[in-house]
Amino acid sequence: MKFIVFLKMVPDVIEELKIADDGKTLDSNWIRMKLSECDENAVEEAVILKEKFGGTVTAVALDAPELDDALFNALAKGADKAVKIVGEWKDVRSPAIAEIFAKYLRDNYPIDNQTLILSGSQSIDDIEGELVYYLGELLNLPAFGVITHVDYDAGQNRISLVKEFAGGLRGEFESEVPAVIGIQAAEKPPRYIPIAKIRAIMKSASIEEVEIPLDGIPSGAVIDKLFEPETSGKAEMLEGSTDEIIEKLIGIFSDKGII
Amino acid sequence: MDPVDINIYGIQGVYILWVLTAISMFFFLRRIVKIVGILKKAKPENRFENIKEHIVNFILFVLGQKKIFGERTIGLPHFFFFWGFVFYAGSFWWNLIRGLIPVLPIPYSDEVGIVALALEITGVLVILSIIVAVLRRIFFPPAHLQQSFDAVIILSLIAILMITLLLGQGYNGTLEASVWSPIGGIIASGLTGISESTAIAAFKAFWWVHIIAVLFFLAYIPYSKHMHLLASPFNVLFRNNSQPADLTINSKSEDVTTGASKWNEFTWKDLLNSFSCAECGRCDRACPALNSGMPLAPRVILHKIKEQMYETGFKSTGNGIPELFAEKISKEELWQCTTCMSCMQQCPVLNEHIPVIVSMRRFLINQGEVEQTVQDVLQKITRYGNSFGQSDRNRAKWVTTLEPKIKDARKEEVEYLWITGDYAAFDTRLQGITQKTAMIFQKAGLDFGILYEAEKNSGNDVRRIGEEGLFEIVKEKNIQSMQKAKFKKIITTDPHTYNTLKNEYKLNANGNSISVHHYTEVIDELIRNNKFSVNKKLNIRATYHDPCYLGRYNGVYEPPRKILKSIGITLVEMPRNKAKSYCCGAGGGRIWMEDKTPVKERPSENRIREAVSLKDVSTLVVACPKDIVMFQDAIKTTGNEEKIEVKDISELVFEAMG
């Protein structure tokens with residue numbers, strides 16, 4: 001099997017987020033980038049599948065600050081190849097990212113019936129998890145999001161998947177290969193990679209760079225304005241003895257016209 | 001009279017002696033060669049520097065038996081065993097050589113008056129010691145003492161040696177009285193009326209029993225727990241002198257930080273620990289993990305490695321050795337070690353348990369095998385430089401309300417650079433205490449500054465978890481930041497930070513090493529130099545908990561006590577204080593782990609129980625941020641909120657300043 005994992009970096013929300021002067025983007029002086037959590041799970045799942053069924057794992061990511069660390073991490077985990085996609089584009093959203101990934105595949109990575117494409121099922125700038133479906137559409141392949149389990153039947157060359165639904169429901173799917181899968185959670189939490197191993201990989205392995213030209217990439221939705229959440233109301237704690245609280249509560253209810 | 005001069009079925013004594021010696025030496029040497037062979041297959045480590053210190057250790061801990069006296073009942077008896085052994089061994093070789101080579105123009109050892117006297121006195125002292133040892137084993141054995149059959153054999157053998165010598169002296173005394181043989185004389189006085197020939201025969205018989213017993217003993221030693229008698233002097237001689245529980249393996253030829261999972265992946269000195277263990281159980285008795293009902297036992301760890309060496313080490317190749325984790329040592333127990341160093345503190349043969357445990361942790365970390373909570377923390381430290389997973393920028397949040405502002409040591413020159421450590425800076429329960437410490441420094445006019453967001457987790461506990469690579473990274477980053485700052489000395493809040501900065505960072509400026517001080521040392525000095533006045537004596541009774549990494553690791557016992565005294569506090573010591581202080585359970589990365597198995601009583605709870613048992617003491621004083629967290633928790637879980645409160649020493653000093 002050939003597993004290809006598409007990754008992208010997202011702003012690290014642990015750090016303070018500031019809106020840039022244009023009012024549409026985040027101030028890049030302040031943000032740090034990290035691999036999206038679902039993407040980390042996608043890498044883990046790809047490596048787990050490789051360990052189970054054999055094959056190779058290729059990690060492909062859009063260029064961003066601190067990306068090299070994430071790619072070396074993927075290599076240390078067990079990915080065989082890491083690719084950084086560079087280009088003139090800036091601040092691209094899911095439809096454009098899908099287009100870039102699809103272009104990469106068309107030019108560099110022939111898809112055959114042994115290819116499984118994985119990605120994180122969502123990220124903070126891909127809240128609906130649309131990337132996976134855009135990619136499926138562009139490649140004309142079946143696409144599945146919010147996947148928590150992947151199994152492969154080599155004889156039939158089919159995969160079976162478990163997809164999470166709202167309300168604790170799960171669905172089981174079966175699909176032919178190739179397919180596009182959005183991983184919500186790997187079978188096991190992403191493993192720990194000791195620093196020594198990452199350092200060793202940094203010395204021995206390298207990251208391949210592939211340039212994808214800007215032309216022909218749709219912009220998709222455009223951000224008009226970025227703003228911090230506005231406070232719309234607040235909670236009030238009622239204090240005092242039970243009787244006093246009841247008294248206050250009755251007062252509030254009658255003020256609001258409830259009683 | 002020559003005791004070797006016997007004749008059994010026409011065979012002369014001297015030939016019998018040659019044969020017996022040859023058999024004994026064969027078994028002895030064969031085993032020793034094999035054991036040395038095992039050590040040679042281990043990883044290299046240079047323990048040959050600082051020869052002078054090695055010799056001092058040898059004098060103190062081998063010849064002086066210093067640690068043995070840590071437990072009083074057996075201390076003196078073992079001292080006599082040791083010196084009795086040395087003395088009798090000397091006498092034995094003397095007599096053996098004399099017996100084997102009859103033409104040698106020297107007397108037997110007991111034919112020299114002064115030696116005979118010494119042998120008799122030693123013999124009596126050793127017999128008394130055996131009685132104590134036997135009574136201890138039968139009637140009041142300490143917990144975790146290994147009641148092995150081995151011990152019975154050895155004690156019996158020693159008894160046989162002493163009794164045969166004394167009885168021999170007695171029979172000899174019936175032939176000719178000597179002022180050098182008072183015990184022999186006493187025994188002889190009870191043997192009146194026996195004939196000369198009987199006396200000679202009995203004397204010779206006891207001589208032979210004695211020498212055969214020694215020859216048996218000699219062959220038996222390397223097969224038994226009494227291997228410690230051969231290995232421990234070397235173990236002491238080659239102890240690591242640079243720092244307690246040093247995790248730096250001095251080996252130029254091989255990278256040994258990848259850790260160990262089987263005996264041949266340890267260094268030779270790690271393995272020598274196992275051969276030196278006398279199974280006395282002192283380490284186990286002191287271990288907070290074991291006392292909490294967890295499976296970890298430091299003695300068993302060493303023992304299991306020895307077991308594996310004996311099972312697989314004598315084969316010619318090192319292939320096919322199973323991992324220790326397969327059946328001998330569980331990964332779980334390795335993670336239970338708090339690295340409090342009680343085991344090493346107690347060990348009479350100076351075994352180094354913690355480096356062995358950390359070595360195995362390093363192996364697990366290198367396999368990526370680490371529990372989720374620890375993995376999260378390691379990743380947080382990797383990415384954000386702190387164990388709280390917060391932005392760098394939050395590190396100095398606690399200073400924002402302080403006036404005057406705390407200097408940024410990267411921008412202004414200061415005398416002291418203050419490294420607070422993660423807990424004091426990020427934990428909301430501790431920030432108030434850190435502010436009070438800062439205010440004490442400010443009121444005392446101390447010239448100090450901090451690194452603001454450039455300070456990173458110091459890596460003390462990261463290293464003890466076994467993540468050597470990450471330790472190196474945070475260390476490099478901190479050193480880089482420090483090189484950009486201008487300062488003369490360092491103050492630390494967290495004893496864990498203190499330990500690694502002091503012993504493992506090897507900080508220096510212009511070739512001079514930079515001194516590292518714990519805040520209690522600095523405050524103590526400020527008080528002694530009258531830099532601030534104590535306006536309000538506190539007049540309370542309190543007890544003080546010695547943090548492992550401040551006390552046992554670095555010997556800082558007095559400064560906190562002096563501070564308490566000068567602010568009017570009556571210090572009531574807990575039974576386990578100073579070097580015997582009982583770990584709170586937070587060290588070695590334990591603070592980031594969850595108890596997987598049900599715990600009988602957490603170390604911190606055990607310690608609170610000890611503190612509340614003191615009469616009229618309602619304050620437990622600590623000098624470590626992690627202690628506040630651990631003990632506040634333990635006070636709640638043990639329901640002792642009414643009885644005791646935990647206070648950082650800074651809070652009390654601040655209160656006393658008025």
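Note that the structure is a prediction, hence the values are computed from the model and not measured.

Visitor: Hey, could you go over the overall build of chain A for me, with residue numbers and the actual values?
Guide: Scanning chain A from terminus to terminus reveals six helices and eleven strands. Expressed along its principal axes, the backbone C-alpha trace of chain A runs to roughly 70 × 45 × 40 Å. Here chain A holds 259 residues, and 36% of them are scored as buried. Pairs at least 24 apart in sequence give 69% of the contacts found in chain A among residues at least 6 apart.

Visitor: Go over the packing of helix 25 (residues 603-612) of chain B against helix 26 (residues 625-637) of chain B with me, naming the residues and quoting the values.
Guide: Helix-helix packing is described using two parameters, namely the angle between the two axes and the distance between the axes. Residues and elements named next belong to chain B. Interhelical geometry of helix 25 versus helix 26 gives an angle of 75° and a closest axis separation of 9 Å. Relative to helix 26, helix 25 is oriented roughly perpendicular. Listed contacts from helix 26 to Ser604, Glu605 and Ile608 of helix 25 are Met630, Phe631, Asp633, Ala634, Ile635 and Thr637.

Visitor: How would you summarise the environment of Lys24 of chain A if you had to cite specific residues and measurements?
Guide: All names here are of chain A. Summarising the element assignment, Lys24 is placed in the loop between strand 2 (9-11) and strand 3 (33-35). Looking at Lys24, the number of C-beta atoms within 10 Å reads 13, which means it is partly exposed. Residues Lys24 and Lys203 lie 179 residues apart in sequence; the distance between their C-alpha atoms is 39 Å. What Lys24 contacts, discounting residues up to four positions off in sequence, is Ile223, Lys225 and Leu226.

Visitor: A description of the interface of chain A and chain B should follow, citing residues and the corresponding values.
Guide: Contacts between chain A and chain B engage eleven residues on the former and 18 residues on the latter. Its residues placed into classes, the side of chain A that touches chain B shows seven nonpolar, no polar and four charged.

Visitor: Got a sec to walk through the environment of Leu67 of chain A? Specific residues and values, please.
Guide: Residue and element names in this part refer to chain A. Considering the arrangement of structural elements, one finds Leu67 in helix 2 (residues 67-77). In this structure, the C-alpha to C-alpha distance between Leu67 and Val150, residues 83 residues apart in sequence, is 27 Å. The residues contacting Leu67, other than those within four sequence positions of it, are Met9, Ala61 and Lys84.

Visitor: Break down the confidence of the model for chain B for me, citing the residues and quoting the values.
Guide: When the pLDDT values of chain B are averaged, the result is 92; 99% of them are 70 or greater. Per the prediction output, this complex has pTM 0.91; the corresponding ipTM is 0.88.

Visitor: If you had to explain the sheet that holds strand 13 (residues 645-648) of chain B to someone new, which residues and values would you point to?
Guide: The pairing of strands in a sheet comes from backbone hydrogen bonds and takes either a parallel or an antiparallel form. All names here are of chain B. Ordered by their spatial adjacency, four strands build an open sheet running 11-10-12-13, and the pairing between neighbours is parallel. The open sheet has two free edges, formed respectively by strand 11 (570-571) and strand 13, since each of these has just one partner strand. Where strand 12 (residues 619-622) meets strand 13, four bridges bridge the pair, whose relative direction is parallel. Residue pairing for strand 13: Thr619 is matched across the bridge by Glu645.

Visitor: Please give an account of the domain arrangement of chain B that cites residues and values.
Guide: All names here are of chain B. According to the domain assignment, chain B consists of domain 1 (7-235), domain 2 (241-366), domain 3 (389-524) and domain 4 (533-657). Summarising the inter-unit geometry, the C-alpha centres of domain 1 and domain 2 are found 31 Å apart. Contact with domain 1, which involves 32 residues of that partner, is made by 37 residues of domain 2. The set of elements that each furnish at least two residues to the side of domain 1 that touches domain 2 consists of helix 1 (13-41), helix 2 (51-63) and helix 8 (228-237).

Visitor: Lay out helix 5 (residues 195-204) of chain A with the relevant residues and their values.
Guide: Side chains three or four residues apart in an α-helix point the same way, a direct result of the helix having 3.6 residues per turn. Of all the positions in helix 5 of chain A, only Ile195, Ala196, Lys197 and Ile201 of chain A are classed as buried. In this fold, the buried residues of helix 5 of chain A make contact with helix 2 of chain A together with helix 16 (353-366), helix 17 (372-384) and helix 21 (468-484) of chain B.

Visitor: I'd like a rundown of the packing of helix 1 of chain B against helix 7 (residues 196-220) of chain B, residues and numbers included.
Guide: Residue and element names in this part refer to chain B. At a closest axis distance of 7 Å, the pairing of helix 1 and helix 7 adopts a crossing angle of 20°. Comparing the axis directions of helix 1 and helix 7 gives the class roughly parallel. Like other packed secondary-structure pairs, helix 1 and helix 7 cross with a definite hand, here left-handed. Residues Leu20, Thr21, Ser24, Phe27 and Phe28 of helix 1 touch helix 7, and the partners they reach there are Ile212, Leu215, Leu218 and Ala219. The residue makeup of the contact of helix 1 with helix 7, split by class, is seven nonpolar, two polar and no charged.

Visitor: Explain the sheet that holds strand 3 (residues 407-408) of chain B to me, using residue names and the numbers behind them.
Guide: Residue and element names in this part refer to chain B. Spatially, the five strands line up as an open sheet ordered 3-5-4-6-9, and their pairing is parallel. Whereas interior strands pair on both sides, the edge strands pair on one side only; in this sheet they are strand 3 and strand 9 (516-518). In this sheet, strand 5 (residues 448-450) lies alongside strand 3 in parallel orientation, the contact comprising two bridges. When the bridges of strand 5 are listed, Lys407 appears paired with Gly449. Here helix 22 (residues 495-503) sits on the sheet in contact with strand 4 (416-419), strand 6 (489-492) and strand 9, set at roughly 165° to strand 9.

Visitor: Mind laying out the pairing of strand 6 of chain B, listing which residues take part and the relevant values?
Guide: With four bridges connecting them, strand 4 of chain B and strand 6 of chain B associate as parallel partners. Note on strand 6 of chain B: the bridge partner recorded for Trp418 of chain B is Ile491 of chain B.

Visitor: Give a detailed account of helix 21 of chain B, specifying residues and quantitative values.
Guide: Compared with an ideal rise of 1.5 Å per residue, which puts 17 residues at 24 Å, helix 21 of chain B spans 25 Å between its outermost C-alpha atoms and is within 8% of the ideal. Residues Glu468, Gly469, Leu470, Phe471, Ile473, Val474, Lys475, Asn478, Ser481 and Met482 of chain B constitute the buried set of helix 21 of chain B. Considering only its buried residues, helix 21 of chain B is in contact with helix 5 of chain A together with helix 16, helix 17, strand 4 and helix 20 (460-465) of chain B.

Cut-offs used in this document
- Residues numbered from 1 in each chain as written.
- Chains lettered and ligands numbered in written order.
- Predicted model: local features only at pLDDT ≥ 70, side-chain atom pairs only at ≥ 80, totals over all residues.
- Helix = DSSP H or I, 4+ residues; strand = E, 2+ residues; numbered from the N terminus.
- Buried ≥ 20, exposed ≤ 12 C-beta atoms within 10 Å, placed from the backbone.
- Contact = placed C-beta atoms within 7 Å.
- Axes fitted to C-alpha atoms, helices over the stretch in contact; angles between N-to-C directions.
- Parallel < 35°, antiparallel > 145°, perpendicular 65-115°, else oblique.
- Nonpolar A, V, L, I, M, F, W, Y, C, P; charged D, E, K, R; others polar.
- pLDDT = per-residue confidence, 0-100.
- Pairing = 2+ DSSP bridges.
- Domains from an automatic or database assignment.
- Left-handed = near helix turned anticlockwise from the far one by under 90°.
- Expected span 1.5 Å × (residues − 1).

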